[in-house]
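Summary of the model geometry
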Amino acid sequence: MKKFVTLITAVTIIVTGLASGQSVNKEKPLPEPDRGSVSGRTYKNGFFGFTYELPQGWSPLSADELKKFDEEKTRQSIERYGPRGLRLFESGVLTFSAEWTLLHAAPPTPESKPGRFAPVIVLIAEEGNPLQRGSSGLTKGKPIDNYFPFSSVADPLQSPDHRMERRPTPLSLGGRDFVRADFRIKKKGGDIWEAWFVTFAKGYFLRLEIGAGSREELDGLAKSTKTLSFSSQQE
């Protein structure tokens, strides 16, 4: 299965790390989330208290593959700083907001054609900083206002080849407040369309990323978010 690391994700890791300047959990570490499990089409995560149905026929990466995927994301982010990147990272000068890839799924035989991006679904838990952790959902204290990819601070990073096509829009999924934003990345091999569905839970930004080769395909896959279901006691 082809793994999915987009330009948007890489930029997010780098800039949130620079903005923090230090480990966001240095004073009061958050409990590490579990990656959840998949049975049939159903993904279940007890830590965050929700379930999600994968599209028919899609297959997820294993726990070991997810760990290697996260290691590769970090390596790519470090390499963007050149030869000094690893030294800066190991010295603590360069830090990233910790992320865990909880789910990475794609069709068993992705319909990747010349000039067309193969569809994928990725679920990520990203640590919020201490100022954001007192908020539940996306309403109390509006922690999403401080979420870098959706903030006005990120606007200068956009270009004609890397644009936010849909501004952050509130919506409810599975009885929980979310915000959706869409992106379009123009590449030589074909455009990548992404939809991000983000909520805030247990001190983490929970981000469901859906990638596709066209807007129509993206909107079709985005309907899978209607299967999200959070337990009533989840905060």
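All of the points below concern the structure found in this document. (Residues numbered from 1 in each chain as written. Predicted model: local features only at pLDDT ≥ 70, side-chain atom pairs only at ≥ 80, totals over all residues. Heavy atoms only, no water.)

Take the sheet that holds strand E3 (residues 50–53) next. Strand order in the open sheet made by the four strands is E1-E2-E3-E11, with antiparallel pairing throughout. Of all strands in the sheet, those with a lone pairing partner are strand E1 (37–39) and strand E11 (229–230), marking the two edges. In this sheet, strand E2 (residues 42–45) lies alongside E1 in antiparallel orientation, the contact comprising three bridges. Bridge pairing links serine 39 to threonine 42 in E2. (Pairing = 2+ DSSP bridges. Helix = DSSP H or I, 4+ residues; strand = E, 2+ residues; numbered from the N terminus.)

We now examine the packing of aromatic side chains. All chains considered together, the criterion is met by nine aromatic pairs. Through successive ring pairs, a cluster of aromatic residues spans Tyr43, Phe50, Phe178 and Phe230. The ring of phenylalanine 47 has lysine 202 sitting right over it, with the charged end atom 4.7 Å from the ring centre. (Phe/Tyr/Trp six-rings, centres within 6.5 Å; stacked < 30°, edge-to-face > 60°. Lys NZ or Arg CZ within 6 Å of the ring centre and 35° of its normal.)

Below, the discussion takes up the pattern of salt bridges. Pairing of side chains with opposite charge becomes possible as their charged atoms draw close. Across all of its chains, the model carries eleven salt bridges by this definition. The residue lysine 73 makes a salt bridge to aspartate 70 at a minimum N-O spacing of 3.8 Å. One end of the pair is lysine 73 and the other is aspartate 70, both in helix H2 (residues 63–79) and three residues apart, which spans about a single turn. Note on aspartate 70: relative accessible area 11%, which makes it buried. One salt bridge connects aspartate 191 with arginine 184, and the closest N-O pair in it is separated by 2.6 Å. Here the salt bridges share partners, and the residues they tie into one network are Arg35, Asp70, Lys73, Glu99, Glu126, Arg207 and Glu209. (Salt bridge = Lys/Arg side-chain N within 4 Å of Asp/Glu carboxyl O. Buried < 20%, exposed > 50% of the residue type's maximum accessible area, 1.4 Å probe, protein only.)

Quick look at the side chain of arginine 180 now. Mapped onto the fold, arginine 180 is located in strand E8 (residues 176–185). Of note is the side chain of arginine 180, whose polar atom sits 3.3 Å from the side chain of aspartate 219. For arginine 180, the contacting residues outside a window of four places in its chain are Arg166, Arg167, Pro168, Thr169, Leu171, Ala195, Trp196, Phe197, Asp219 and Ala222. (Polar contact = N/O pair within 3.5 Å; in protein donor to acceptor, adjacent residues only side chain to side chain. Contact = heavy atoms within 4.5 Å.)

Another point: the nonpolar core. Phe48, Phe50, Tyr52, Leu102, Leu123, Phe197 and Leu206 are the most contacted members of the largest nonpolar core, which has 31 residues in total. Only E3, strand E5 (99–106), strand E6 (120–127), strand E9 (192–201), strand E10 (204–212) and helix H4 (215–222) provide two or more residues apiece to this core. Considering every element that reaches this core, the biggest residue donor is E10, with five residues. Setting aside residues no more than four positions away along its own chain, leucine 123 makes contact with Tyr43, Phe50, Trp100, Thr101, Leu102, Leu103, Leu206, Arg207 and Leu208. (Core = buried A, V, L, I, M, F, W, Y, C linked by side-chain atoms within 4.5 Å.)

All right, on to the pairing of strand E7 (residues 162–173) then. Bridge count between E7 and E8: nine bridges; the pairing is antiparallel. Counterpart to threonine 169 in the pairing with E8 is arginine 180. Linking two consecutive strands that pair antiparallel, namely E7 and E8, is a turn of two residues; a positive phi of about 60° is found at glycine 174 within it.

Under the definition given, this model contains three cavities of 30 Å³ or more. As for the second largest cavity, its lining consists of Phe50, Tyr52, Leu123, Phe178, Phe197, Leu206, Arg207, Leu208, Leu228 and Phe230. Secondary-structure elements contributing two or more residues to the lining of the second largest cavity are E3 and E10. Of the residues forming the lining of the second largest cavity, the biggest block, three residues, is contributed by E10. Classifying every residue of the lining of the second largest cavity by side-chain character gives nine nonpolar, no polar and one charged. (1 Å grid on protein atoms, 1.4 Å probe; cavity = no way out; pocket = protein on both sides within 12 Å on 5 of 7 lines; lining within 4 Å. Points joined across faces, edges and corners; volume = space filled by probe spheres on them. Nonpolar A, V, L, I, M, F, W, Y, C, P; charged D, E, K, R; others polar.)

On to the pairing of E9. Counting buried positions over the ten residues of E9 gives ten, a clear majority of the element. Of the two faces of E9, both are covered, the one formed by Ile192, Glu194, Trp196, Val198 and Phe200 as well as the one formed by Trp193, Ala195, Phe197, Thr199 and Ala201. Note: E8 against E9, seven bridges, orientation antiparallel. Bridge pairing links arginine 184 to tryptophan 193 in E9. Between E8 and E9, which pair antiparallel one after the other, the connecting turn spans six residues, and glycine 190 there sits at a positive phi close to 125°. One ladder, built from nine bridges, connects E9 with E10; its direction is antiparallel. Its bridge partner being in E10, alanine 195 is matched across the sheet by isoleucine 210.

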